[in-house]
2 protein chains.
Amino acid sequence: MPFQQEPHKLLMIPGPIEVADDVLFANAHPSVAHTSPQFVPVFGEAIKMIREVVDAPSAQPIVIAGSGTLGWDMAATNLLEPGDEVLVLTTGYFGDSFADCLATYGAKPTKLTAPVGAPSSLDEVAQALRSKSYKAITITHVDTSTGVLNDPESICRVVKEVSPDTLIILDGVCSVASEEIHMDAWGIDYVLFASQKGIGCPPGLSLSVASERAMRTLETRKTPPATFFGSWKRWVPVMQAYESGNVAYFATPPVQLIYALHASLKTITKGSVSLAERYQRHKDASKQVKEGIEALGLEQLAVPEARTTGVANGMTAVRYPPGMGAADILPKMAERGVVFGAGLHKACKDEYFRIGHMGVSVVDKERNDISTILHHLAEVLKENGFSK
Amino acid sequence: MPFQQEPHKLLMIPGPIEVADDVLFANAHPSVAHTSPQFVPVFGEAIKMIREVVDAPSAQPIVIAGSGTLGWDMAATNLLEPGDEVLVLTTGYFGDSFADCLATYGAKPTKLTAPVGAPSSLDEVAQALRSKSYKAITITHVDTSTGVLNDPESICRVVKEVSPDTLIILDGVCSVASEEIHMDAWGIDYVLFASQKGIGCPPGLSLSVASERAMRTLETRKTPPATFFGSWKRWVPVMQAYESGNVAYFATPPVQLIYALHASLKTITKGSVSLAERYQRHKDASKQVKEGIEALGLEQLAVPEARTTGVANGMTAVRYPPGMGAADILPKMAERGVVFGAGLHKACKDEYFRIGHMGVSVVDKERNDISTILHHLAEVLKENGFSK
């Protein structure tokens, strides 16, 4: 191609993340028909690989144009019916918004809100589930606004003990492919995510996976799903057709993004770095970042007791040092070619910034992205006259 | 980039269409934050250019990840309320599906179905509007399944005369940027479209434009909009922020697709070929295709009286010659490197095929795409022993 890639800053926010060149190139695939024999296996294989990433051999992936948010709508309209009680574990902005989304469609969310910087309490989850009959519980695996990591395995265990009929919905937007997930083994009914975080693609895809129980719930609902574009009854036959090498049509799939998704999932599931090693590299990078910022005299947004097990491996929320704010750090990092994210939690968004460390930035060690950002952060703190 | 573009067949279906290399390259833009100072003007300018394409200086564009279909959902949930009567002009598969979508959300569609291959009758529209009070009318400008072209200017005139309070919704998925549209002058309230047809981008964007009256309708509705992901109340402030050079967040915009959209809209609105000339080139190419297939002894799906004014300028639906079907034409064209589309109208899908001729294939005359496809079609007919 007669084109030269634009120079760009190192993007270290909790999504979108840096995208590998082969994935970007796949996103520039020349036009092919969504019904062509060339595209069918690409879409079909992508669907199969998604199943591997969430470790759910018998579940149904759903890949459509949209964003992570659309997964909330699909949960609200396909799995739930008006009046259904839902327990929403909230650990930041995205848990709160998920509750807003559910209420839009007539479900009745009850929020169980953890203190800022703390994960959901298992005891409180158990207590809430005992106090009322809930059709579903939602868990934000990592809340992108705070970096808080919930423990879905333990939460699922509590749900199965206390209220086994409650459907378990996992918001994995900021966790799929950067945090370990075993959807089948843990008994999760629906995982929703997006393309631009751990999956390592450009944004523009709503990705999700529904369990067999979720599909049965859809089949046995009393009211019709209150969605057209997000209707699993319309999309699932399309997914099944492509996966079996055939074509079906509901709405035009985003062909180039699916080529990009295929390229990225191939690296994730069949590349030289195993999925287990991918998770380990996220843990290692996370440790490096968290120890690195502490060595610089900064502290995590997370409450002290959560700073090792209750925080994401794909991002870190960092408090500004006393007397400093966004203007002292973020533009100066950008001048040095590194983009961090601002705070997002309404209660304290001016008190912290966010570093993303997912995907190729941590899996491809030769990039040295983590060392680079810590180096520049140290320099910026020094310029600001801050030392620990 | 160390990559070589894959060879690909000439894609001449009515969407997705051939995408210019600069647009594909924009779709491979390196990751930048959706909130970055670099991306804000790209998004903002794309919004402004959309207004130019539909000729609606004061209307509100909405650009989100999705497909054309999502525009139906947004019309159903933002403009309409449960129980609202809607007159749906149907000239093929997509009119019928639009009615299904409206009914999903509780609106009451009444279909006015034209004979296969004929546009909607103005007299019948007037009569229907007199017989009942309709909150809205929907017009499929070009039904991709049949290539039938409706005349929105005349239909709008009838609506304004007979039932001026009726909102006018135009499905422009297969017409925007390939057929002339003057949204403001004609009095259209909502135009919905997608990225992968006349706009010349990869698929993955729901594009639409709401009039001031449409926005007032949203503000004065009695029930809250039954959508979260598609809520204009949530998206319009985001569009307005980006257009004014600021950032707002609801869900992550598809950054690379918006770079691609920007590149393509720049060619459409500020390139060496004016918008008027773009429409003319679509008309010229359409004439060339339609005369070309007739010279080969084939005939259009359209009823005879519609074959000049009632057919799209961006696509042609062609009947197979007697005794021939898809297997005789489509795979043989593909062997020659040209992709045509199969039939799609449920009443007669095995009786015709579809040729797309939109965007760069007709605007860039040096490509000679129309001559190429007519040449190969003539050869394929000859191989099949067919002569007129």
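- The name recorded for chain A in an unreviewed UniProt entry is alanine--glyoxylate transaminase, from Malassezia nana.

Looking at the overall build of chain A
No. 1: When its secondary structure is counted, chain A shows 14 helices and 14 strands.
No. 2: Taken over the C-alpha trace, chain A has a radius of gyration of 21 Å; the compact-globule value for 388 residues is 21 Å, and the two agree within 12%.
No. 3: If one aligns the C-alpha atoms of chain A with their principal axes, the spans along those axes are about 65 × 60 × 35 Å.
No. 4: Burial statistics for chain A: of 388 residues in total, 64% are counted as buried.
No. 5: Here the analysis covers contacts within chain A between residues at least 6 apart in sequence; of these, 72% occur between residues at least 24 apart.
No. 6: Accessible surface, chain A as shown: approximately 13,500 Å² in total, 51% of it carbon and sulfur.

Notes on the sheet that holds strand β2 (residues 60–65) of chain B
Residues and elements named next belong to chain B.
No. 1: Reading across from one edge, β2-β10-β9-β8-β5-β3-β4 is the order of the seven strands in this open sheet, with mixed pairing throughout. Edge positions in the sheet fall to β2 and β4 (108–113), since each has one partner strand and no second. Mean inter-strand twist for the sheet, computed between neighbouring axes without regard to direction, equals 20 degrees.
No. 2: In the sheet, strand β5 (residues 136–140) pairs with strand β8 (residues 167–171) via five bridges, with the strands oriented parallel. The residue of β8 that forms the bridge with Ile137 is Ile168.
No. 3: Relative to the sheet, helix α2 (residues 40–54) contacts β2, β9 (190–194) and β10 (205–210), its axis offset from that of β2 by approximately 120 degrees.

Observations concerning the UniProt feature "binding site: substrate" (unreviewed entry) in chain A
All names here are of chain A.
No. 1: If you check UniProt for "binding site: substrate" (unreviewed entry), the listed places come out as Arg354 in our numbering.
No. 2: Locating Arg354 in the fold gives a position in strand β14 (residues 352–356).
No. 3: On the basis of relative accessible area, Arg354 is assigned to the buried category, the value being 10%.
No. 4: Excluding anything up to four places from it in sequence, Arg354 contacts Met12, Pro14, Thr144, Ser145, Met315, Thr316, Ala317, Phe340, Gly341, Ala342, Gly343 and Leu344.
No. 5: Of the polar contacts made by the side chain of Arg354, one reaches the backbone oxygen of Thr144; its length is 2.8 Å.

Overview of the pattern of salt bridges
All names here are of chain A.
No. 1: Evaluated as defined, the whole model comprises 36 salt bridges over all chains.
No. 2: Residue Glu291 is joined to Lys287 by a salt bridge in which the shortest nitrogen-to-oxygen separation is 3.4 Å. Here Glu291 and its partner Lys287 are both found in helix α11 (residues 275–295), four residues apart, which amounts to about one turn of the helix.
No. 3: The exposure class of Glu291 is partly exposed, given its relative accessible area of 45%.
No. 4: On the accessibility criterion, Lys287 (51% relative accessible area) is exposed.

Side note on the environment of Tyr105 of chain B
No. 1: Inspection of the secondary structure assignment puts Tyr105 of chain B in the loop between α4 (93–104) and β4.
No. 2: Spatially, the C-alpha atoms of Tyr105 of chain B and Leu374 of chain B are 44 Å apart, while their sequence positions differ by 269 residues.
No. 3: The contact partners of Tyr105 of chain B, leaving out residues within four places of it in the chain, are Ala226, Thr227, Phe228 and Phe229 of chain A together with Asp73, Ala76, Thr77, Pro82 and Ala226 of chain B.
No. 4: Within the structure, Tyr105 of chain B has its side chain in polar contact with the side chain of Asp73 of chain B (distance 2.5 Å).

A word on the pairing of β8 of chain B
Residue and element names in this part refer to chain B.
No. 1: Taken across its five residues, β8 has five buried, putting it largely inside the fold.
No. 2: Burial along β8 is two-sided: Leu167, Ile169 and Asp171 facing one way and Ile168 and Leu170 facing the other are all buried.
No. 3: Two elements, β8 and β9, share three bridges in a ladder whose sense is parallel. Within β9, the position partnered with Asp171 by the bridge is Leu192.

Brief notes about the UniProt feature "modified residue: N6-(pyridoxal phosphate)lysine" (unreviewed entry) in chain A
Residues and elements named next belong to chain A.
No. 1: UniProt's feature table lists "modified residue: N6-(pyridoxal phosphate)lysine" (unreviewed entry) at Lys197, given in the numbering used throughout.
No. 2: With respect to the helices and strands, the residue Lys197 is situated in the loop between β9 (190–194) and β10 (205–210).
No. 3: One polar contact links the side chain of Lys197 to the main-chain carbonyl oxygen of Pro14, over a distance of 3.0 Å.

Some remarks on the confidence of the model for chain A
No. 1: Looking at chain A, the pLDDT average stands at 97 and 99% of residues meet or exceed 70.
No. 2: ipTM for the predicted complex: 0.97, alongside a pTM of 0.98.

Comments concerning the pairing of β9 of chain B
Consecutive residues of a regular strand have side chains that alternate between opposite faces of the sheet.
Residue and element names in this part refer to chain B.
No. 1: Burial of β9 is extensive: five of the five residues sit out of reach of the surface.
No. 2: Of the two faces of β9, the one lined by Tyr190, Leu192 and Ala194 and the one lined by Val191 and Phe193 are each fully buried.
No. 3: The pairing of β9 with β10 spans five bridges and is antiparallel. Considered in β10, the bridge of Ala194 is made with Ser206.

Thresholds applied
- Residues numbered from 1 in each chain as written.
- Chains lettered and ligands numbered in written order.
- Predicted model: local features only at pLDDT ≥ 70, side-chain atom pairs only at ≥ 80, totals over all residues.
- Heavy atoms only, no water.
- Helix = DSSP H or I, 4+ residues; strand = E, 2+ residues; numbered from the N terminus.
- Rg over C-alpha atoms; globule rule 2.2 N^0.38 Å.
- Buried < 20%, exposed > 50% of the residue type's maximum accessible area, 1.4 Å probe, protein only.
- Contact = heavy atoms within 4.5 Å.
- Areas by Shrake-Rupley, 256 points an atom, 1.4 Å probe, with all protein chains shown as cover.
- Pairing = 2+ DSSP bridges.
- Axes fitted to C-alpha atoms, helices over the stretch in contact; angles between N-to-C directions.
- UniProt positions renumbered as here; feature names shortened; annotations may be inferred.
- Polar contact = N/O pair within 3.5 Å; in protein donor to acceptor, adjacent residues only side chain to side chain.
- Salt bridge = Lys/Arg side-chain N within 4 Å of Asp/Glu carboxyl O.
- pLDDT = per-residue confidence, 0-100.

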